[in-house]
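# Summary of the model geometry
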Amino acid sequence: MDTISTALISVSDKTNIIEFAKNLNKLGIKILSTGGTAETLKRSGLKVTEVSEHTGFPEILDGRVKTLHPKIHGGILAKRDDDNHLNTAKEHKIDLIDLVVINLYPFQETIAKKDCTYELAIENIDIGGPAMIRSAAKNHASVAIVTDPRDYDLILKELNENNGTISKKIKEELAKKAFGHTASYDKAIYAYLNQINKKEKDCTYPDHLNIELTKVMDMRYGENPHQTAAFYKENSLYKGALSNFSQLQGKELSFNNLNDAENAWECVKNLTEKSCVIVKHANPCGAASANNALTAYLAAFKTDPTSAFGGIIAFNTIVDEDTATEINKQFAELIIAPKFSKEAIKIFEKKTNLRLLEIPLIDGNDQFDIKKIGGGFLIQSPDISDFNISNCQVVSKLKPNEEQIRDLNFAWHVAKYVKSNAIVFCKNSMTLGVGAGQMSRVDSTRIAALKAENSNINLLNSVVASDAFFPFRDGIDVLAKYGAKCVIQPGGSIRDDEVIEAANEHGLVMIFTNERHFKH
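A brief report on the enclosed structure follows. Model, not experiment: these values are computed from the prediction. (Residues numbered from 1 in each chain as written. Predicted model: local features only at pLDDT ≥ 70, side-chain atom pairs only at ≥ 80, totals over all residues. Heavy atoms only, no water.)

### Concerning the overall build of the protein
Broken down by element type, the protein carries 20 helices and 21 strands. Over its C-alpha trace the protein gives a radius of gyration of 30 Å, far above what one expects of a compact globule, namely 24 Å for 520 residues. When its C-alpha atoms are laid out on the principal axes, the protein stretches across 95 × 55 × 40 Å. Within the protein, buried positions represent 48% of all 520 residues. Of the accessible surface of the protein, which amounts to about 26,400 Å², a share of 49% is contributed by carbon and sulfur atoms. (Helix = DSSP H or I, 4+ residues; strand = E, 2+ residues; numbered from the N terminus. Rg over C-alpha atoms; globule rule 2.2 N^0.38 Å. Buried < 20%, exposed > 50% of the residue type's maximum accessible area, 1.4 Å probe, protein only. Areas by Shrake-Rupley, 256 points an atom, 1.4 Å probe, with all protein chains shown as cover.)

Have a look at this one:
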């Protein structure tokens, strides 16, 4: 193994760099550095040779060119076991560089700022840094490349335990990490350049879609115990995303836990009042808005207590002691909230397997909705819109009153998160019956009514939301039979006239939204 004698350090993130460099000096390692990094190290009393002094060529073009020089890349890329390489380096007075410590201009952080201009973004595209990283990673048989400040302790441990050398295995791991680092960096730049032109149709979906994922954890298993699974997190995400959770207690998360939790969290976080949504097998089986978390939970649970057993419970408000006490009377897999009170956490601690997830209640949406098919992916924009019920079209003879409008708005929101064909009965800002995932819309209507009947819930004077149009009048006949008085649906069927006529015959209010919410 080659002894480390010269290190090149050039970092934007200067976390722990002074302490690290001091320890390198103590081991007799010469330090080369650039610009701001060199100044930082010099101010701490370290002896540093600036790159411009080492190459005999000044930094030019406002710092755009400083390390792009044969004395830098020759010193990094020369094969230590190749006499021809070593003789060439000696002939051109190129000193070998054994350790390269680089992290790049903060491109992602720069473009995340609201006041970031295109010009500023471009100036924060690092050129020399990625070139040195790739050179060192390519020649990792002889050169160690460090791109993460968290690896400084590992390097010092290696140097101290191996007489100034770094093991082959560690160099290989560092090289792999380095190539991942530059790949991620380039993907961020590519995504940004596509994003700034996103209003142009041909730039909305780029020719090459790069999504950066980092493994967070292995799952207990996949959808079934014989399947393996892991959870990966996007590196660029909004803070209110499910993947930004903090687990406070409970068993390891399973594939199904997170799959169900996604629908529960998306549904509840977009409700404006204090709300609770209970999900089972990726479908809301109960949802309610109220003045407090406890009332919302009790109303959501009442919709379908049988299905709620072992479900995912999500809140868009703090879970307090009273709510925790009530939840603990039943079996739940997982509870999500923006915050749990200290008293609630103490109560939940009695059920050690119960998973608690905290997620910031911050607006945001994924850029794309992605579905996997064999050998490829289907990419679409997320199902978001500026829905306003006051802009909907009342197509029936009867008009809705204010209470009905409020319930129709609530029902329409919940239906968006129910698998199609979706039918949702609601009243007083709570679900009464949910019919999901049927091949026939009239069957979904019957199932929703049956769910209500099983829970001893009366559907008289309820409202109904349908995620897509009614193709025939039979669905209207069924929901009217059970006592519904209002229907909100997209409209658009070739038999709309028949469906509207059925609503008028039964004395129903009918509203067309002119937008559909299929969820497959």
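Now that the structure has been shown, the text picks up again.
### Things to note about the sheet that holds strand β3 (residues 49-50)
What the five strands build is an open sheet, ordered β3-β2-β1-β4-β5; its pairing is parallel. A single partner strand is all that each edge strand has here, and the edge strands are β3 and β5 (144-146). Alignment of strand β2 (residues 30-33) against β3, held across two bridges, turns out to be parallel. Paired with S33 across the two strands is E50, which belongs to β3. The strands that helix α1 (residues 17-26) touches are β1 (6-11), β2 and β4 (99-103); relative to β1, the one it contacts most, it runs at about 170°. (Pairing = 2+ DSSP bridges. Contact = heavy atoms within 4.5 Å. Axes fitted to C-alpha atoms, helices over the stretch in contact; angles between N-to-C directions.)

### As for the pattern of salt bridges
Side-chain pairing between opposite charges can occur once the charged atoms of the two side chains come close. Under the defined criterion, the tally for this structure stands at 16 salt bridges. The partner of K269 in a salt bridge is E266, and the shortest N-O contact between them spans 3.2 Å. Here the residue K269 and the residue E266 both occupy positions in helix α12 (residues 255-269), the gap between them amounting to three residues, near one helical turn. R446 is paired through a salt bridge with D443; the nearest N and O atoms lie 3.3 Å apart. Taken together, the positions of R446 and D443, both in helix α18 (residues 441-454) and three residues apart, correspond to about one turn of that helix. Each of D148, R150, D151 and K177 takes part in one network of salt bridges that share partners. (Salt bridge = Lys/Arg side-chain N within 4 Å of Asp/Glu carboxyl O.)

### Some remarks on the packing of helix α4 (residues 70-77) against helix α8 (residues 128-138)
For the pair α4 and α8, the least separation of the axes is 8 Å and the interaxial angle reads 25°. In terms of their interaxial angle, α4 and α8 are classed as roughly parallel. Counting all contacts with α4, which are made through I72, H73, I76 and L77, the residues of α8 involved are A131, M132, S135, A136 and K138. Among the residues forming the contact of α4 with α8, the class breakdown is six nonpolar, two polar and one charged. (Parallel < 35°, antiparallel > 145°, perpendicular 65-115°, else oblique. Nonpolar A, V, L, I, M, F, W, Y, C, P; charged D, E, K, R; others polar.)

### Topic: the side chain of S10
Along the chain, the position of S10 falls in strand β1. Residues in contact with S10, not counting those within four places in the same chain, are T34, T37, V101, I102 and N103.

### What about the pairing of β2?
Sheet analysis places β1 next to β2, joined by four bridges and oriented parallel. For T6, the partnering residue across the bridge sits in β2 and is K30. Between β1 and its parallel partner β2, the chain crosses via α1, and the hand of that crossover is right-handed. Handedness of the β-α-β unit built from β2, helix α2 (residues 35-43) and β3 comes out right-handed. (Right-handed = clockwise from strand over helix to strand, strands pointing away.)

### Topic: the packing of α8 against helix α10 (residues 168-195)
It is at 9 Å that the axes of α8 and α10 come closest, and there the two elements cross at 150°. One way to sum up the angle between α8 and α10 is to call them roughly antiparallel. With respect to the hand of their crossing, α8 and α10 are arranged in left-handed fashion. Across the interface between the two elements, P130, I133, R134, A137 and K138 of α8 pack against A175, A178, F179, H181, T182 and Y185 of α10. (Left-handed = near helix turned anticlockwise from the far one by under 90°.)

### With respect to the pairing of strand β19 (residues 463-466)
What you see with β19 is no split at all: V463 and A465 on one side and V464 and S466 on the other are buried throughout. Note that strand β17 (residues 423-427) and β19 share four bridges and pair antiparallel. Each residue of the ladder has a partner; that of F425, found in β19, is V464. Where β19 lies against strand β20 (residues 486-489), three bridges are found, and the strand directions are parallel. For V463, the partnering residue across the bridge sits in β20 and is C486. In this view, the connection linking β19 to its parallel neighbour β20 by way of helix α19 (residues 474-481) has right-handed handedness.

### Quick word on a nonpolar patch on the surface
Together, L209, I211, L213, Y232, I370 and F377 make up an exposed nonpolar region whose accessible area comes to about 540 Å². When its relative accessible area of 35% is taken as the criterion, I211 is described as partly exposed. (Patch = residues over 30% accessible without salt bridge, like charges linked within 9 Å, V, L, I, M, F, W, Y side chains within 5 Å.)

### Looking at the environment of E50
If you trace the backbone, E50 turns up in strand β3. Look past the residues within four positions of E50 in its chain and what remains in contact with it is S33, G35, A38, E39 and K42.

### Observations regarding helix α9 (residues 152-161)
Taken together, the buried positions of α9 are occupied by Y152, I155, L156, E158 and L159. All buried residues of α9 project into a common sector of 160° when viewed along the axis, lining one side. Relative to its buried face, α9 has exposed residues pointing more than 90 degrees away, namely D153, N160 and E161. Where α9 is buried, its residues contact β1, α1, β4, β5 and α10. Just downstream of α9, N163 is the residue with a positive phi angle, here 55°. (Arc of directions from axis to C-beta.)

### Considering the nonpolar core
Among the nonpolar cores identified, the biggest contains 50 residues, and F315 and F348 are the most heavily contacted of them. Sorting elements by how many residues they give to this core places helix α13 (residues 293-303) first, with six residues. Leave out the neighbours within four places in its chain, and F348 touches Q249, V319, A324, I327, N328, I335, F340, L354 and L356. (Core = buried A, V, L, I, M, F, W, Y, C linked by side-chain atoms within 4.5 Å.)

### Description of unusual backbone geometry
In the segment running from S420 into N421, the intervening peptide bond is cis, with an omega of 0°. A positive phi angle, close to 60°, is found at N16, a residue other than glycine. Residue classification places N16 among the partly exposed positions, given a relative accessible area of 48%.

### Focus: the packing of aromatic side chains
A full pass over the atoms with the stated rule returns seven aromatic pairs. Geometrically, the ring pair formed by F107 and Y185 is edge-to-face, given 6.3 Å between the ring centres and 65° between the ring planes. Of the two residues, F107 sits in helix α6 (residues 107-112) while Y185 sits in helix α10, which places them 78 residues apart along the sequence. Y185 shares its class with F107; the two are buried. With centroids separated by 5.9 Å and ring planes inclined at 25°, the aromatic side chains of F231 and F245 adopt a geometry described as stacked. With F231 in strand β7 (residues 230-234) and F245 in the loop between β7 and β8 (246-249), this residue pair connects regions lying 14 residues apart in the sequence. Exposure remark for F231: the relative accessible area of 13% places this residue in the buried category. Directly above the ring of F377 sits K372, whose terminal nitrogen or CZ lies 5.2 Å from the centroid. (Phe/Tyr/Trp six-rings, centres within 6.5 Å; stacked < 30°, edge-to-face > 60°. Lys NZ or Arg CZ within 6 Å of the ring centre and 35° of its normal.)

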